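# Topology and contacts: notes
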Amino acid sequence: MLNALEVITTVVVGVMVGVEFSVAFVMNRIFNALPEDSDQLARAHGGRMLGAVMPFWYIGSLVLAAIWAVAGWHHHGAGLVVTAGGLLIVSVVMSVLLLVPINNRGKTWTPENRPTDWKEQMNRWDRYHYVRVAVIIAAFTLLVAALA
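Described in the following lines is the structure provided in the data block. Keep in mind that what you see is a predicted model, and the values were worked out from it rather than measured.

What follows deals with a nonpolar patch on the surface. On the surface, Phe21, Phe25, Val26, Met27, Ile30, Leu34, Tyr130 and Ile137 cluster together into a nonpolar patch covering about 610 Å² of accessible area. Counting only elements with at least two residues in the nonpolar patch, the list comes to helix H1 (2-32) and helix H4 (118-147). Top contributing element to the nonpolar patch by residue count: H1, with five residues. Topologically, Val26 is positioned in helix H1.

If you want it as structure tokens, here you go:
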């Protein structure tokens, strides 16, 4: 049973990392290359769509890592899993305090109602997101290492 939990947790966190990596290094670059108001509209739509899913994914990943840490407490790699869980907590706190407030504003913007500094706010979101991606990559790496 523990083996299944380890694999499921690693896959769930790994796919989350892939999605967030794609947002940071693929989707946002595509959006930035779109003409006129399309960048802002694409970001608003992405914010609504992923903003509805990612909270469950982040919390679910954290819960799975916590269950793994408890269930495998006396097994090899438990310290790695606990550290990964700590990093996932950091990613959730970063999300709630730094990224979600910007996303909540941005997902309601249209070309008619967006603030004049919308690009600066999106650039700030991007910078925070790069850090969050690094944090969840580190967590994922620790989970993979705990499998060995």
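To find leftover empty space, one rolls a probe the size of a water molecule over the atoms. In this structure, the largest pocket occupies an estimated 590 Å³ of space. Around the largest pocket sit 29 residues that line it, and Gly47, Leu50, Gly51, Asn103 and Trp125 are the ones nearest its centre. Those elements that place two or more of their residues in the lining of the largest pocket are H1, helix H2 (38-71), helix H3 (78-106) and H4. Sorting elements by how many residues they give to the lining of the largest pocket places H2 first, with twelve residues. Its residues assigned to classes, the lining of the largest pocket shows 16 nonpolar, nine polar and four charged.

Residues Met16, Tyr58, Trp68, Val81, Leu88, Ile136 and Leu143 are the most contacted members of the largest nonpolar core, which totals 21 residues. Secondary structure elements with two or more residues in this core: H1, H2, H3 and H4. Residues Leu99, Trp109, Met122 and Val135 belong to the second largest nonpolar core, which totals nine residues.

Okay, unusual backbone geometry next. Notably, Glu36 is not glycine yet its phi reads approximately 50°, a positive angle. Positionally, Glu36 belongs in the loop between H1 and H2. Here Glu36 falls in the exposed class, since its relative accessible area comes to 77%.

In this structure, Leu143 sits in helix H4. Residue classification places Leu143 among the buried residues on the basis of a relative accessible area of 0%. Sequence separation of Leu143 and Thr83 is 60 residues, and the distance between their C-alpha atoms is 9.0 Å. Ignoring sequence-local partners within four residues, the contact set of Leu143 consists of Thr9, Thr10, Val13, Trp68, Val81 and Ala84.

Further remarks concern H3. For H3, spanning 29 residues, the distance from its first C-alpha to its last is 39 Å, which sits close to the expected 42 Å at 1.5 Å a residue. The axis of H3 is deflected most strongly, by about 50°, at Leu99, and proline Pro101 appears within four residues downstream.

Mapped onto the elements, Glu6 comes out in helix H1. For the buried Glu6, which has no salt bridge, the nearest side chain bearing the opposite charge is Arg132, at an N-O separation of 26 Å. Contacts of Glu6, omitting those with residues within four sequence positions, involve Trp68 and Leu147.

Reading the values: rules and limits
Residues numbered from 1 in each chain as written. Predicted model: local features only at pLDDT ≥ 70, side-chain atom pairs only at ≥ 80, totals over all residues. Heavy atoms only, no water. Patch = residues over 30% accessible without salt bridge, like charges linked within 9 Å, V, L, I, M, F, W, Y side chains within 5 Å. Areas by Shrake-Rupley, 256 points an atom, 1.4 Å probe, with all protein chains shown as cover. Salt bridge = Lys/Arg side-chain N within 4 Å of Asp/Glu carboxyl O. Helix = DSSP H or I, 4+ residues; strand = E, 2+ residues; numbered from the N terminus. 1 Å grid on protein atoms, 1.4 Å probe; cavity = no way out; pocket = protein on both sides within 12 Å on 5 of 7 lines; lining within 4 Å. Points joined across faces, edges and corners; volume = space filled by probe spheres on them. Nonpolar A, V, L, I, M, F, W, Y, C, P; charged D, E, K, R; others polar. Core = buried A, V, L, I, M, F, W, Y, C linked by side-chain atoms within 4.5 Å. Buried < 20%, exposed > 50% of the residue type's maximum accessible area, 1.4 Å probe, protein only. Contact = heavy atoms within 4.5 Å. Expected span 1.5 Å × (residues − 1). Bend = angle between axes of the 7 residues up to and from the residue. Lys, Arg positive; Asp, Glu negative; His and termini not counted.

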